[in-house]
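Here is what each chain is made of, one letter per residue.
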Amino acid sequence: MHNTKYNFKEVISRFKLDGKIRDIQPCGSGHIHDTFRLQNTSNLKPDYLLQCVNHNIFADIPALMENIQYVTEHIRKKLEAQRVADKFRRVLTLIPTKDNKMYFKDTEGNFWRIYYFIKETISYDIVTTWQQANEGGRAFGQFQRWLSDFDPGILKDTIPDFHNIEKRYKKFADAIIADPLGRVKEVESEIEFIKYRINIMGTILRTGEAGKIPLRITHNDTKFNNVLLDENDRALCVIDLDTVMPGYIAYDYGDSIRTIVNTAAEDEKDLQKIDINIHFFKAFTLGFIKETKGLLTKEEIELLPMGALLLPYIMGLRFLTDYLAGDVYYKIHSPDHNLQRSRAQFQLLRRLEAVYSTLKEIVFDAAEKYK
Ligand code: ADP
Ligand code: GN1
Ligand code: MG
(Lines give C-alpha, C1' and ligand atoms only; values in the text may rest on other atoms or scores of the structure.)
(Ligands and ions follow the chains in the order given, each with its own letter.)
Protein backbone atom coordinates (compact mmCIF):
# COMPACT_ATOMS: atom_id res chain seq x y z
CA MET A 1 0.00 0.00 0.00
CA HIS A 2 3.01 2.28 0.16
CA ASN A 3 4.25 4.09 -2.88
CA THR A 4 7.20 6.41 -2.88
CA LYS A 5 5.09 9.52 -3.37
CA TYR A 6 2.20 9.04 -0.95
CA ASN A 7 1.50 7.44 2.40
CA PHE A 8 -1.76 5.73 1.45
CA LYS A 9 -2.15 3.92 4.76
CA GLU A 10 -2.25 7.20 6.65
CA VAL A 11 -4.61 8.84 4.14
CA ILE A 12 -7.07 5.96 4.03
CA SER A 13 -7.15 5.67 7.81
CA ARG A 14 -8.64 9.18 7.98
CA PHE A 15 -11.85 8.30 6.08
CA LYS A 16 -14.97 6.43 7.16
CA LEU A 17 -14.60 3.37 4.94
CA ASP A 18 -16.63 0.19 5.16
CA GLY A 19 -14.56 -3.01 5.15
CA LYS A 20 -10.84 -3.44 4.56
CA ILE A 21 -8.80 -2.24 1.58
CA ARG A 22 -6.68 -4.96 -0.01
CA ASP A 23 -5.30 -3.21 -3.09
CA ILE A 24 -4.70 0.26 -4.54
CA GLN A 25 -4.34 0.83 -8.29
CA PRO A 26 -3.91 3.97 -10.40
CA CYS A 27 -7.08 4.72 -12.32
CA GLY A 28 -8.16 6.58 -15.47
CA SER A 29 -6.37 8.91 -17.88
CA GLY A 30 -7.23 12.34 -16.44
CA HIS A 31 -4.71 15.15 -16.91
CA ILE A 32 -5.16 16.83 -13.53
CA HIS A 33 -5.46 14.70 -10.38
CA ASP A 34 -3.77 11.53 -9.10
CA THR A 35 -6.58 8.97 -9.04
CA PHE A 36 -6.64 5.49 -7.48
CA ARG A 37 -9.09 2.64 -7.07
CA LEU A 38 -9.24 1.14 -3.58
CA GLN A 39 -10.32 -2.49 -3.72
CA ASN A 40 -12.15 -3.96 -0.79
CA THR A 41 -11.30 -7.43 0.55
CA SER A 42 -14.99 -8.36 0.26
CA ASN A 43 -17.07 -8.09 -2.92
CA LEU A 44 -20.05 -7.25 -0.74
CA LYS A 45 -18.38 -4.06 0.47
CA PRO A 46 -17.82 -0.99 -1.69
CA ASP A 47 -14.67 -0.14 -3.60
CA TYR A 48 -13.60 3.48 -3.40
CA LEU A 49 -12.11 6.11 -5.68
CA LEU A 50 -9.30 8.02 -3.98
CA GLN A 51 -8.06 11.30 -5.45
CA CYS A 52 -5.18 13.54 -4.58
CA VAL A 53 -6.69 16.82 -5.76
CA ASN A 54 -4.36 19.09 -7.69
CA HIS A 55 -4.00 22.14 -5.47
CA ASN A 56 -1.65 23.94 -7.84
CA ILE A 57 -4.54 24.18 -10.26
CA PHE A 58 -7.42 24.58 -7.81
CA ALA A 59 -6.52 27.36 -5.42
CA ASP A 60 -9.41 26.97 -2.96
CA ILE A 61 -10.04 23.28 -2.34
CA PRO A 62 -12.47 23.75 0.58
CA ALA A 63 -14.67 25.88 -1.73
CA LEU A 64 -14.32 23.34 -4.54
CA MET A 65 -15.39 20.51 -2.24
CA GLU A 66 -18.36 22.51 -1.03
CA ASN A 67 -19.41 23.07 -4.66
CA ILE A 68 -19.26 19.33 -5.30
CA GLN A 69 -21.31 18.61 -2.20
CA TYR A 70 -24.03 21.06 -3.26
CA VAL A 71 -24.14 19.76 -6.82
CA THR A 72 -24.20 16.05 -5.93
CA GLU A 73 -26.89 16.60 -3.28
CA HIS A 74 -29.00 18.56 -5.75
CA ILE A 75 -28.77 15.79 -8.32
CA ARG A 76 -29.45 13.09 -5.75
CA LYS A 77 -32.68 14.86 -4.78
CA LYS A 78 -33.74 14.78 -8.44
CA LEU A 79 -32.99 11.05 -8.61
CA GLU A 80 -34.96 10.46 -5.41
CA ALA A 81 -37.91 12.42 -6.77
CA GLN A 82 -37.84 10.19 -9.87
CA ARG A 83 -37.50 7.10 -7.60
CA VAL A 84 -34.38 6.01 -9.47
CA ALA A 85 -33.20 2.73 -7.95
CA ASP A 86 -29.42 3.09 -8.31
CA LYS A 87 -28.94 6.61 -6.99
CA PHE A 88 -25.43 5.77 -5.74
CA ARG A 89 -24.39 4.83 -9.28
CA ARG A 90 -26.01 7.76 -11.07
CA VAL A 91 -24.22 10.54 -9.21
CA LEU A 92 -20.91 10.76 -7.36
CA THR A 93 -21.06 10.19 -3.60
CA LEU A 94 -18.44 11.75 -1.36
CA ILE A 95 -17.24 9.74 1.64
CA PRO A 96 -16.58 11.86 4.75
CA THR A 97 -13.51 11.71 6.94
CA LYS A 98 -13.74 10.45 10.49
CA ASP A 99 -14.07 14.06 11.64
CA ASN A 100 -16.90 14.61 9.13
CA LYS A 101 -15.06 16.68 6.58
CA MET A 102 -15.23 16.09 2.86
CA TYR A 103 -11.46 16.11 2.35
CA PHE A 104 -8.29 15.38 4.28
CA LYS A 105 -5.19 17.57 4.15
CA ASP A 106 -2.01 15.61 4.87
CA THR A 107 1.19 16.89 6.46
CA GLU A 108 2.74 17.48 3.02
CA GLY A 109 -0.13 19.81 2.11
CA ASN A 110 -1.84 17.34 -0.26
CA PHE A 111 -5.64 17.36 -0.36
CA TRP A 112 -7.44 14.01 -0.54
CA ARG A 113 -11.02 13.00 -1.23
CA ILE A 114 -12.85 9.72 -1.63
CA TYR A 115 -15.97 8.76 -3.62
CA TYR A 116 -17.70 5.44 -4.00
CA PHE A 117 -16.07 3.67 -6.93
CA ILE A 118 -18.85 2.98 -9.41
CA LYS A 119 -18.22 -0.63 -10.40
CA GLU A 120 -18.69 -2.25 -13.83
CA THR A 121 -18.39 1.02 -15.68
CA ILE A 122 -16.13 2.31 -18.45
CA SER A 123 -14.96 5.78 -19.41
CA TYR A 124 -13.84 6.02 -23.03
CA ASP A 125 -11.13 8.29 -24.46
CA ILE A 126 -12.40 7.60 -28.00
CA VAL A 127 -15.98 6.93 -29.13
CA THR A 128 -16.52 3.90 -31.36
CA THR A 129 -20.31 3.56 -31.67
CA TRP A 130 -23.36 5.71 -32.44
CA GLN A 131 -24.92 4.61 -29.17
CA GLN A 132 -21.97 5.79 -27.07
CA ALA A 133 -22.12 9.21 -28.71
CA ASN A 134 -25.88 9.45 -28.23
CA GLU A 135 -25.60 8.37 -24.59
CA GLY A 136 -22.93 11.05 -24.05
CA GLY A 137 -25.39 13.65 -25.36
CA ARG A 138 -28.14 12.34 -23.14
CA ALA A 139 -25.89 12.30 -20.07
CA PHE A 140 -24.62 15.87 -20.42
CA GLY A 141 -28.05 17.13 -21.52
CA GLN A 142 -29.65 15.55 -18.48
CA PHE A 143 -26.92 16.96 -16.25
CA GLN A 144 -27.74 20.39 -17.61
CA ARG A 145 -31.47 19.89 -17.04
CA TRP A 146 -30.96 18.69 -13.48
CA LEU A 147 -28.95 21.79 -12.68
CA SER A 148 -31.25 24.21 -14.49
CA ASP A 149 -33.05 25.11 -11.24
CA PHE A 150 -29.88 25.28 -9.14
CA ASP A 151 -29.31 28.65 -7.47
CA PRO A 152 -26.29 30.01 -9.42
CA GLY A 153 -25.24 32.25 -6.52
CA ILE A 154 -24.28 29.22 -4.39
CA LEU A 155 -21.29 27.99 -6.38
CA LYS A 156 -17.85 29.58 -6.22
CA ASP A 157 -15.75 29.87 -9.38
CA THR A 158 -13.11 27.17 -8.87
CA ILE A 159 -11.02 28.45 -11.79
CA PRO A 160 -12.09 31.99 -12.71
CA ASP A 161 -12.51 32.76 -16.44
CA PHE A 162 -12.04 29.09 -17.26
CA HIS A 163 -13.39 29.28 -20.84
CA ASN A 164 -12.91 33.03 -21.29
CA ILE A 165 -11.09 33.13 -24.62
CA GLU A 166 -9.91 36.73 -24.22
CA LYS A 167 -8.23 35.93 -20.90
CA ARG A 168 -6.81 32.68 -22.30
CA TYR A 169 -5.42 34.58 -25.29
CA LYS A 170 -3.83 37.15 -22.99
CA LYS A 171 -2.04 34.35 -21.07
CA PHE A 172 -0.88 32.86 -24.36
CA ALA A 173 0.45 36.25 -25.52
CA ASP A 174 2.25 36.66 -22.18
CA ALA A 175 3.81 33.20 -22.56
CA ILE A 176 5.11 34.18 -26.02
CA ILE A 177 6.78 37.26 -24.57
CA ALA A 178 8.24 35.39 -21.59
CA ASP A 179 9.34 32.35 -23.69
CA PRO A 180 11.26 30.80 -20.75
CA LEU A 181 12.48 27.75 -22.72
CA GLY A 182 12.99 29.42 -26.08
CA ARG A 183 10.19 27.36 -27.63
CA VAL A 184 8.43 30.16 -29.53
CA LYS A 185 10.63 29.67 -32.60
CA GLU A 186 9.31 26.09 -32.99
CA VAL A 187 5.67 27.10 -33.09
CA GLU A 188 5.44 30.07 -35.46
CA SER A 189 2.79 28.41 -37.63
CA GLU A 190 0.61 27.49 -34.62
CA ILE A 191 0.86 31.10 -33.41
CA GLU A 192 -0.32 32.30 -36.82
CA PHE A 193 -3.16 29.77 -36.76
CA ILE A 194 -4.34 31.11 -33.40
CA LYS A 195 -4.05 34.80 -34.31
CA TYR A 196 -5.96 34.31 -37.56
CA ARG A 197 -9.03 33.01 -35.69
CA ILE A 198 -9.05 34.97 -32.44
CA ASN A 199 -11.78 37.41 -33.43
CA ILE A 200 -14.37 34.85 -34.54
CA MET A 201 -13.61 32.72 -31.50
CA GLY A 202 -14.81 35.55 -29.25
CA THR A 203 -18.38 35.27 -30.60
CA ILE A 204 -19.89 33.30 -27.70
CA LEU A 205 -18.17 35.44 -25.07
CA ARG A 206 -19.32 38.68 -26.70
CA THR A 207 -22.89 37.41 -27.10
CA GLY A 208 -22.89 36.44 -23.42
CA GLU A 209 -21.44 39.75 -22.30
CA ALA A 210 -24.12 41.53 -24.30
CA GLY A 211 -26.71 39.63 -22.25
CA LYS A 212 -28.15 37.75 -25.24
CA ILE A 213 -27.59 34.26 -23.83
CA PRO A 214 -27.99 33.16 -20.20
CA LEU A 215 -25.19 32.19 -17.86
CA ARG A 216 -26.10 28.74 -16.59
CA ILE A 217 -24.53 26.28 -14.21
CA THR A 218 -22.46 24.21 -16.59
CA HIS A 219 -20.03 21.32 -16.18
CA ASN A 220 -17.15 22.94 -18.08
CA ASP A 221 -15.14 19.74 -18.57
CA THR A 222 -17.49 17.63 -20.67
CA LYS A 223 -14.98 15.45 -22.46
CA PHE A 224 -16.38 12.01 -23.12
CA ASN A 225 -14.17 10.25 -20.58
CA ASN A 226 -15.94 12.26 -17.89
CA VAL A 227 -19.04 10.09 -18.32
CA LEU A 228 -19.17 6.56 -16.93
CA LEU A 229 -21.07 4.06 -19.10
CA ASP A 230 -22.38 0.70 -17.89
CA GLU A 231 -21.68 -2.73 -19.42
CA ASN A 232 -24.38 -2.11 -22.06
CA ASP A 233 -22.87 1.26 -22.97
CA ARG A 234 -25.69 3.14 -21.28
CA ALA A 235 -24.58 6.42 -19.68
CA LEU A 236 -24.70 6.12 -15.93
CA CYS A 237 -22.90 8.96 -14.26
CA VAL A 238 -21.30 12.30 -15.11
CA ILE A 239 -18.05 12.64 -13.15
CA ASP A 240 -15.19 15.16 -12.71
CA LEU A 241 -17.28 17.89 -11.10
CA ASP A 242 -14.40 20.22 -10.14
CA THR A 243 -15.30 22.87 -12.69
CA VAL A 244 -19.09 22.94 -12.28
CA MET A 245 -19.73 26.68 -12.17
CA PRO A 246 -21.43 29.40 -14.23
CA GLY A 247 -20.81 29.15 -17.99
CA TYR A 248 -22.47 29.16 -21.40
CA ILE A 249 -24.14 26.02 -22.70
CA ALA A 250 -22.23 26.14 -26.00
CA TYR A 251 -19.02 25.50 -24.04
CA ASP A 252 -20.30 22.20 -22.63
CA TYR A 253 -21.69 21.16 -25.98
CA GLY A 254 -18.44 22.06 -27.76
CA ASP A 255 -16.14 20.26 -25.31
CA SER A 256 -18.10 17.04 -25.72
CA ILE A 257 -18.13 17.36 -29.50
CA ARG A 258 -14.36 17.89 -29.43
CA THR A 259 -13.85 14.46 -27.91
CA ILE A 260 -16.82 12.60 -29.42
CA VAL A 261 -16.40 13.30 -33.13
CA ASN A 262 -12.62 12.89 -33.25
CA THR A 263 -11.66 9.63 -34.96
CA ALA A 264 -8.28 9.75 -33.20
CA ALA A 265 -6.93 10.45 -29.72
CA GLU A 266 -6.84 13.95 -28.26
CA ASP A 267 -3.03 13.91 -28.59
CA GLU A 268 -2.70 11.98 -31.89
CA LYS A 269 0.73 12.54 -33.40
CA ASP A 270 -0.20 11.44 -36.92
CA LEU A 271 -2.43 14.30 -38.04
CA GLN A 272 -3.67 12.26 -41.01
CA LYS A 273 -5.60 10.09 -38.59
CA ILE A 274 -7.62 13.00 -37.24
CA ASP A 275 -11.00 13.26 -38.87
CA ILE A 276 -14.62 13.99 -38.03
CA ASN A 277 -17.21 11.28 -37.56
CA ILE A 278 -20.31 13.16 -38.62
CA HIS A 279 -22.63 10.32 -37.49
CA PHE A 280 -21.31 10.67 -33.97
CA PHE A 281 -21.81 14.44 -34.23
CA LYS A 282 -25.45 13.82 -35.06
CA ALA A 283 -25.87 11.15 -32.39
CA PHE A 284 -24.50 13.37 -29.63
CA THR A 285 -26.47 16.39 -30.83
CA LEU A 286 -29.76 14.47 -30.90
CA GLY A 287 -29.20 13.15 -27.37
CA PHE A 288 -28.16 16.53 -26.01
CA ILE A 289 -30.96 18.53 -27.60
CA LYS A 290 -33.60 15.95 -26.70
CA GLU A 291 -32.65 16.19 -23.03
CA THR A 292 -32.45 19.98 -22.98
CA LYS A 293 -35.68 20.43 -24.94
CA GLY A 294 -37.62 23.48 -23.83
CA LEU A 295 -34.64 24.76 -21.86
CA LEU A 296 -32.37 26.25 -24.50
CA THR A 297 -33.19 29.57 -26.14
CA LYS A 298 -33.05 30.13 -29.89
CA GLU A 299 -29.84 32.15 -29.45
CA GLU A 300 -28.23 29.35 -27.43
CA ILE A 301 -29.06 26.77 -30.09
CA GLU A 302 -27.66 29.03 -32.79
CA LEU A 303 -24.36 29.20 -30.91
CA LEU A 304 -23.91 25.44 -30.39
CA PRO A 305 -22.00 24.91 -33.68
CA MET A 306 -19.69 27.79 -32.74
CA GLY A 307 -19.04 25.99 -29.43
CA ALA A 308 -17.89 23.00 -31.48
CA LEU A 309 -15.24 25.21 -33.10
CA LEU A 310 -14.28 27.17 -30.00
CA LEU A 311 -13.48 24.24 -27.71
CA PRO A 312 -10.79 22.57 -29.88
CA TYR A 313 -9.41 26.07 -30.43
CA ILE A 314 -9.27 26.96 -26.74
CA MET A 315 -7.80 23.55 -25.81
CA GLY A 316 -5.14 23.86 -28.52
CA LEU A 317 -4.37 27.33 -27.21
CA ARG A 318 -4.15 26.10 -23.61
CA PHE A 319 -1.93 23.13 -24.49
CA LEU A 320 0.35 25.43 -26.51
CA THR A 321 0.48 28.01 -23.71
CA ASP A 322 1.52 25.25 -21.32
CA TYR A 323 4.18 24.05 -23.77
CA LEU A 324 5.62 27.58 -24.00
CA ALA A 325 5.44 28.03 -20.22
CA GLY A 326 7.45 24.82 -19.65
CA ASP A 327 4.66 22.25 -19.00
CA VAL A 328 3.53 23.51 -15.64
CA TYR A 329 -0.21 22.70 -15.82
CA TYR A 330 -1.10 19.42 -17.55
CA LYS A 331 0.42 16.04 -16.79
CA ILE A 332 2.66 15.14 -19.74
CA HIS A 333 4.00 11.76 -20.86
CA SER A 334 6.71 12.96 -23.27
CA PRO A 335 8.69 16.23 -23.58
CA ASP A 336 6.63 17.57 -26.50
CA HIS A 337 3.30 16.14 -25.35
CA ASN A 338 1.60 19.52 -24.98
CA LEU A 339 2.78 20.57 -28.44
CA GLN A 340 1.48 17.35 -29.91
CA ARG A 341 -1.88 17.81 -28.14
CA SER A 342 -2.09 21.35 -29.41
CA ARG A 343 -1.36 20.36 -33.03
CA ALA A 344 -3.94 17.58 -32.82
CA GLN A 345 -6.60 20.01 -31.57
CA PHE A 346 -5.85 22.48 -34.37
CA GLN A 347 -6.09 19.70 -36.95
CA LEU A 348 -9.45 18.73 -35.49
CA LEU A 349 -10.55 22.35 -35.76
CA ARG A 350 -9.54 22.48 -39.44
CA ARG A 351 -11.66 19.39 -40.06
CA LEU A 352 -14.63 20.89 -38.22
CA GLU A 353 -14.32 24.18 -40.10
CA ALA A 354 -14.43 22.27 -43.39
CA VAL A 355 -17.88 20.82 -42.55
CA TYR A 356 -19.25 23.75 -40.57
CA SER A 357 -22.36 24.27 -42.70
CA THR A 358 -23.27 20.57 -42.26
CA LEU A 359 -22.78 20.88 -38.50
CA LYS A 360 -25.18 23.83 -38.42
CA GLU A 361 -27.78 21.92 -40.43
CA ILE A 362 -27.60 18.95 -38.06
CA VAL A 363 -28.01 21.17 -35.00
CA PHE A 364 -30.96 23.07 -36.50
CA ASP A 365 -32.66 19.85 -37.67
CA ALA A 366 -32.30 18.36 -34.18
CA ALA A 367 -33.72 21.54 -32.62
CA GLU A 368 -36.65 21.40 -35.06
CA LYS A 369 -37.24 17.72 -34.28
CA TYR A 370 -37.45 18.30 -30.52
CA LYS A 371 -39.18 21.68 -30.61
P1 ADP B 1 -9.22 14.10 -13.75
O2 ADP B 1 -9.72 15.47 -13.35
O3 ADP B 1 -7.77 13.93 -13.47
O4 ADP B 1 -9.64 13.80 -15.15
P5 ADP B 1 -11.41 12.38 -12.90
O6 ADP B 1 -12.23 12.79 -11.73
O7 ADP B 1 -12.03 12.58 -14.24
O8 ADP B 1 -9.98 13.07 -12.79
O9 ADP B 1 -11.07 10.84 -12.72
C10 ADP B 1 -10.15 10.17 -13.56
C11 ADP B 1 -10.72 8.84 -14.05
O12 ADP B 1 -11.05 8.00 -12.94
C13 ADP B 1 -12.03 8.96 -14.83
O14 ADP B 1 -11.82 9.24 -16.19
C15 ADP B 1 -12.66 7.59 -14.61
O16 ADP B 1 -12.11 6.64 -15.49
C17 ADP B 1 -12.22 7.23 -13.20
N18 ADP B 1 -13.25 7.57 -12.17
C19 ADP B 1 -13.41 8.77 -11.58
N20 ADP B 1 -14.39 8.74 -10.66
C21 ADP B 1 -14.87 7.46 -10.64
C22 ADP B 1 -15.87 6.76 -9.85
N23 ADP B 1 -16.54 7.38 -8.88
N24 ADP B 1 -16.09 5.46 -10.11
C25 ADP B 1 -15.38 4.82 -11.09
N26 ADP B 1 -14.41 5.40 -11.83
C27 ADP B 1 -14.15 6.71 -11.63
C1 GN1 C 1 -8.39 18.56 -18.18
O2 GN1 C 1 -9.33 16.76 -15.69
P3 GN1 C 1 -9.46 16.36 -17.12
O4 GN1 C 1 -8.33 15.56 -17.64
O5 GN1 C 1 -10.83 15.72 -17.32
C6 GN1 C 1 -8.77 20.03 -18.05
C7 GN1 C 1 -9.85 20.37 -19.07
C8 GN1 C 1 -9.36 20.04 -20.45
C9 GN1 C 1 -8.88 18.61 -20.52
C10 GN1 C 1 -8.26 18.32 -21.86
C11 GN1 C 1 -9.37 21.53 -14.65
O12 GN1 C 1 -9.50 17.74 -17.92
O13 GN1 C 1 -10.18 21.74 -19.01
O14 GN1 C 1 -10.42 20.17 -21.37
O15 GN1 C 1 -7.92 18.33 -19.50
N16 GN1 C 1 -9.26 20.28 -16.70
C17 GN1 C 1 -8.85 21.38 -16.03
O18 GN1 C 1 -8.20 16.96 -22.04
O19 GN1 C 1 -8.08 22.20 -16.52
MG1 MG D 1 -11.55 13.67 -15.95
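As a starting point, this report considers the structure included with it.

Examining a positive patch on the surface
Next up, step 1: The grouping of Lys282, Lys290, Lys293 and Lys369 at the surface amounts to a positive patch.
Next up, step 2: Its place among the elements puts lysine 369 in helix α11 (residues 356–369).
Next up, step 3: For lysine 369, a relative accessible area of 56% corresponds to the exposed category.

Quick notes on the site of ligand 1
Next up, step 1: Contacts to ligand 1 come from 19 residues, most closely from Gln51, Tyr116, Ile118, Ser123 and Asp240.
Next up, step 2: Residue isoleucine 118 places a main-chain N or O atom 2.8 Å away from a nitrogen atom belonging to ligand 1.
Next up, step 3: Between ligand 1 and asparagine 225 there is a distance of 3.3 Å, counted from an oxygen atom to a backbone nitrogen or oxygen.
Next up, step 4: In the complex, 95% of the free accessible area of ligand 1, which totals 550 Å², lies under the protein chains.
Next up, step 5: Its residues placed into classes, the shell around ligand 1 shows nine nonpolar, nine polar and one charged.

So, the packing of helix α7 (residues 249–260) against helix α9 (residues 298–325)
Next up, step 1: Running from N to C, α7 and α9 point in directions that differ by 55 degrees, and their axes come no closer than 7 Å. With respect to their mutual orientation, α7 and α9 come out oblique. As for the relative orientation of α7 and α9, their crossing is right-handed in sense. Contacts from Ile249, Ala250, Tyr251, Tyr253, Gly254, Asp255, Ile257 and Arg258 in α7 reach Glu300, Leu303, Leu304, Pro305, Gly307, Ala308, Leu310, Leu311, Pro312 and Met315 in α9.

Overview of the side chain of histidine 219
Next up, step 1: Mapped onto the elements, histidine 219 comes out in the loop between β6 (216–218) and β7 (227–229).
Next up, step 2: Taking relative accessible area as the criterion, histidine 219 reaches 0% and is therefore assigned buried.
Next up, step 3: Dropping the residues within four chain positions of it, histidine 219 is found in contact with Phe140, Phe143, Val238, Ile239, Asp240, Leu241, Thr243, Val244 and Asp252.

Here we look at the coordination of the magnesium ion (ligand 3)
Next up, step 1: Listed as protein donors to the magnesium ion (ligand 3) are Asn226 (OD1) and Asp240 (OD); their distances from the metal cover 2.2 to 2.3 Å. Taken together, the residues asparagine 226 in the loop between β6 and β7 and aspartate 240 in the loop between β8 (235–238) and β9 (245–247) connect sequence positions 14 residues apart.
Next up, step 2: The class of asparagine 226 is buried, set by a relative accessible area of 5%.

Some thoughts on the site of ligand 2
Next up, step 1: Taken together, 17 residues lie near ligand 2, and His31, Lys223, Glu266, Arg318 and Tyr329 sit nearest.
Next up, step 2: In the complex, the protein chains occlude 98% of the 440 Å² of accessible area that ligand 2 would expose alone.
Next up, step 3: The set of elements that each furnish at least two residues to the shell around ligand 2 consists of α7 and α9.
Next up, step 4: Of all the elements, α9 adds the most residues to the shell around ligand 2, at three residues.
Next up, step 5: Considering only residue class, the shell around ligand 2 consists of seven nonpolar, three polar and seven charged.

Quick word on the packing of aromatic side chains
Next up, step 1: According to the stated counting rule, one finds 18 aromatic pairs in the structure shown.
Next up, step 2: Measuring from centroid to centroid gives 5.7 Å for tyrosine 169 and phenylalanine 172, while their planes differ by 50 degrees, and the two rings are tilted. Residue tyrosine 169 and its partner phenylalanine 172 are located together in helix α4 (residues 165–178), separated by three residues, close to a single helical turn.
Next up, step 3: Grouping aromatic residues by their ring pairs yields a cluster made of Tyr6, Phe8, Phe36 and Trp112.
Next up, step 4: Taking the ring centre of phenylalanine 193 as reference, the NZ or CZ of arginine 197 above it sits at 3.7 Å.

What to know about the nonpolar core
Next up, step 1: Among the nonpolar cores identified, the biggest contains 108 residues, and Ile204, Tyr253 and Phe281 are the most heavily contacted of them.
Next up, step 2: Beyond its immediate chain neighbours, meaning those up to four positions away, tyrosine 253 contacts Phe281, Phe284, Thr285, Phe288, Leu304, Pro305, Ala308 and Val363.
Next up, step 3: In terms of nonpolar packing, the next biggest core, distinct from the first, is built from 16 residues, Phe8, Val11, Ile21 and Phe36 among them.

With respect to the environment of leucine 228
Next up, step 1: Secondary-structure assignment places leucine 228 in strand β7.
Next up, step 2: By relative accessible area, leucine 228 is classed as buried at 11%.
Next up, step 3: Note: C-alpha distance between leucine 228 and isoleucine 332 (104 residues apart in sequence) is 24 Å.
Next up, step 4: Ignoring anything within four residues of it in the chain, the contact list for leucine 228 reads Ile118, Thr121, Ile122, Ser123, Arg234, Ala235, Leu236, Cys237 and Ile239.

Conventions we followed
Residues numbered from 1 in each chain as written. Chains lettered and ligands numbered in written order. Predicted model: local features only at pLDDT ≥ 70, side-chain atom pairs only at ≥ 80, totals over all residues. Heavy atoms only, no water. Patch = residues over 30% accessible without salt bridge, like charges linked within 9 Å, V, L, I, M, F, W, Y side chains within 5 Å. Areas by Shrake-Rupley, 256 points an atom, 1.4 Å probe, with all protein chains shown as cover. Salt bridge = Lys/Arg side-chain N within 4 Å of Asp/Glu carboxyl O. Lys, Arg positive; Asp, Glu negative; His and termini not counted. Charge placed at Lys NZ, Arg CZ, Asp CG, Glu CD. Helix = DSSP H or I, 4+ residues; strand = E, 2+ residues; numbered from the N terminus. Buried < 20%, exposed > 50% of the residue type's maximum accessible area, 1.4 Å probe, protein only. Near = heavy atom within 4 Å. Polar contact = N/O pair within 3.5 Å; in protein donor to acceptor, adjacent residues only side chain to side chain. Nonpolar A, V, L, I, M, F, W, Y, C, P; charged D, E, K, R; others polar. Axes fitted to C-alpha atoms, helices over the stretch in contact; angles between N-to-C directions. Parallel < 35°, antiparallel > 145°, perpendicular 65-115°, else oblique. Left-handed = near helix turned anticlockwise from the far one by under 90°. Contact = heavy atoms within 4.5 Å. Donors = N, O, S within 2.8 Å, 3.2 Å for Na, K, Ca; no water. Phe/Tyr/Trp six-rings, centres within 6.5 Å; stacked < 30°, edge-to-face > 60°. Lys NZ or Arg CZ within 6 Å of the ring centre and 35° of its normal. Core = buried A, V, L, I, M, F, W, Y, C linked by side-chain atoms within 4.5 Å.

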